[in-house]
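Here are the chains, one letter per residue:
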Amino acid sequence: MSAEIIDGKKVAGLVRDRVREDVSDWKAKGNRPPFLQVVLVGDDPASRVYTGAKTKACEDVGIETKTEILQDTISAKELKALIREYNTDDSIDGILVQLPLPSHLSSHDVIETIDHRKDVDGFHPMNVGRLSLDQPCFKSCTPAGVMELFKHYSIGVKAKHAVVIGASNIVGSPMATMLSRENSSGKATTTICHKYTKDLTLHTINADILIVAAGQPHLVKAEMVKEGAVIVDVGINRVADETSEKGYKLVGDVDFESVKKKASWITPVPGGVGPMTVAMLMKNTLLAAKKSIYPVD
Ligand code: NAD
């Protein structure tokens, strides 16, 4: 058996095509283009790559964007004052603070300062809470991208046993919420594993759908996976590679070559979940501009 490949690059392209058309319609009705304000604190190379990819995606779909690059010495007070300015600026639809932040800044505190109606990352407690309540909200882009992949490939989730490895606020936890809610698209029986899980294989071997977001290269091996399972690898890890010009290559959390022989569907890294995250951010920014989630009363 060799798994079918879930082509995130292709599906992300389709999502972006739809957003581009919708942005064009929105502008044709006399509205200004959606605007995404990105905030980058410090000079983390990976964060620069991520914000660069988001800027390029915005340009591609007709969303306007600006990245404010701030010194890593900025105080919490100064950063929060800037965010409050963005909150009240009607020309800004979405606000994204690139994580991680330098250690002297609390990401919880900073994210909570963002107006939840502009929180296109879906990290604000209001959006996280509304997700748990099955209420309209901005959904965290990476897990929303995974759900979009299931939809595109007609991979049924309802009543399946889904296992999520990783319980972070931005990937694992919202992923498990989306999978498990009874009234939304999920409806799966869902298990969450994390670094305190004693025997990972005990859970993964029973998974019809296995989502791995641990940040541990090749954590999941073939012997941990049920025959015919759907495998979604969210992990993005840099590992040394002398044959590459950069000196490293990107690998996921799943041992792709061995696991694909047992799985029915699998996402590659790169080209799986990664492109979906950016595409869903574009979708959220358009929803913010249209006030679709939080209508103005
Ligand atoms: P994180 O470090 O915040 O959380 C990792 C989670 O995995 C924690 O809950 C931890 O308990 C768990 N974990 C770690 N080691 C484990 C182990 N051996 N067994 C079981 N659980 C374990 O990371 P994150 O921000 O959630 O990101 C996870 C991975 O996903 C990273 O590789 C990150 O780069 C990647 N990521 C990818 C995208 C994308 O767009 N594809 C987006 C965000 C994050």
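Use the structure listed above.
Residues numbered from 1 in each chain as written. Predicted model: local features only at pLDDT ≥ 70, side-chain atom pairs only at ≥ 80, totals over all residues. Heavy atoms only, no water.

### A few points about the layout of surface pockets
Looking at the second largest pocket, its volume works out to about 490 Å³. The wall of the second largest pocket is formed by 23 residues, among which K139, A144, M147, E148 and S185 lie closest to the centre. Broken down by secondary-structure element, the contributors of at least two residues to the lining of the second largest pocket are α6 (141–152) and α10 (274–290). Sort the elements by how many residues they give to the lining of the second largest pocket and α6 lands first, with five residues. When its residues are assigned to classes, the lining of the second largest pocket shows 11 nonpolar, six polar and six charged. (1 Å grid on protein atoms, 1.4 Å probe; cavity = no way out; pocket = protein on both sides within 12 Å on 5 of 7 lines; lining within 4 Å. Points joined across faces, edges and corners; volume = space filled by probe spheres on them. Helix = DSSP H or I, 4+ residues; strand = E, 2+ residues; numbered from the N terminus. Nonpolar A, V, L, I, M, F, W, Y, C, P; charged D, E, K, R; others polar.)

### Concerning helix α1 (residues 8–28)
Along its 21 residues, α1 runs 30 Å from first to last C-alpha, staying within 8% of the 30 Å computed at 1.5 Å per residue. Residues G8, V11, A12, V15, V19, V23 and W26 constitute the buried set of α1. Taken down its axis, α1 places every buried residue within 115 degrees of arc, on the same side. Opposite the packed face of α1, turned more than 90 degrees from it, sit the exposed residues E21 and A28. Where the residues of α1 are buried, they touch α2 (45–61), α6 and α10. For α1, the N-terminal capping position is held by D7, with its side-chain oxygen 3.2 Å away from the main-chain nitrogen of K9. Directly beyond the C-terminal end of α1, a positive phi value near 95 degrees is found at G30. (Expected span 1.5 Å × (residues − 1). Buried < 20%, exposed > 50% of the residue type's maximum accessible area, 1.4 Å probe, protein only. Arc of directions from axis to C-beta. Contact = heavy atoms within 4.5 Å. Polar contact = N/O pair within 3.5 Å; in protein donor to acceptor, adjacent residues only side chain to side chain.)

### Points about the site of the ligand
If you check the shell around the ligand, you find 22 residues, and the closest are A167, S168, K195, I236 and T277. One of the backbone nitrogen or oxygen atoms of A167 is found 2.8 Å away from an oxygen atom of the ligand. The separation between a nitrogen atom of the ligand and a polar main-chain atom of V234 is 3.4 Å. Within the complex, the protein chains bury 72% of what would otherwise be the 860 Å² of accessible surface of the ligand. Its residues placed into classes, the shell around the ligand shows 11 nonpolar, 10 polar and one charged. (Near = heavy atom within 4 Å. Areas by Shrake-Rupley, 256 points an atom, 1.4 Å probe, with all protein chains shown as cover.)

### Notes on unusual backbone geometry
Trans is the prevailing form of peptide bonds, just as negative phi is the prevailing case for residues other than glycine. Residue L99 is joined to P100 through a cis peptide bond whose omega torsion reads 0 degrees. Residue P270 is bonded to the preceding V269 through a cis peptide linkage, with omega at -5 degrees. Along the chain, the position of P270 falls in the loop between β11 (265–266) and α10. The phi angle at S154 is positive, at roughly 50 degrees, despite the residue not being glycine. Among the structural elements, S154 can be located in the loop between α6 and β5 (161–165). Of note, the phi angle at A159 is positive, near 70 degrees, even though the residue is not glycine. Assignment of secondary structure puts A159 in the loop between α6 and β5.

### A look at the pairing of strand β6 (residues 189–193)
Inspection of the sheet shows β5 paired to β6 by five bridges, in the parallel sense. Within β6, the residue paired with V163 across the bridge is T191. In terms of handedness, the path from β5 via helix α7 (residues 172–180) over to β6 forms a crossover that is right-handed. (Pairing = 2+ DSSP bridges. Right-handed = clockwise from strand over helix to strand, strands pointing away.)

### Considerations on the environment of H116
In this fold, H116 is placed in the loop between α4 (107–113) and α5 (125–132). For H116, a relative accessible area of 18% gives the class buried. As a C-alpha pair, H116 and L281 span 165 residues in sequence and 15 Å in three-dimensional space. Every residue in contact with H116, bar those within four places of it in the chain, is listed here: H124, M126, N127, F138 and Y294.

### Regarding the pattern of salt bridges
Per the stated rule, a full pass over the model turns up 12 salt bridges. Between R16 and D60 there is a salt bridge, with its nearest N and O atoms 3.1 Å apart. Of the two residues, R16 sits in helix α1 while D60 sits in helix α2, which places them 44 residues apart along the sequence. Each of R16, D17, R20 and D60 takes part in one network of salt bridges that share partners. (Salt bridge = Lys/Arg side-chain N within 4 Å of Asp/Glu carboxyl O.)

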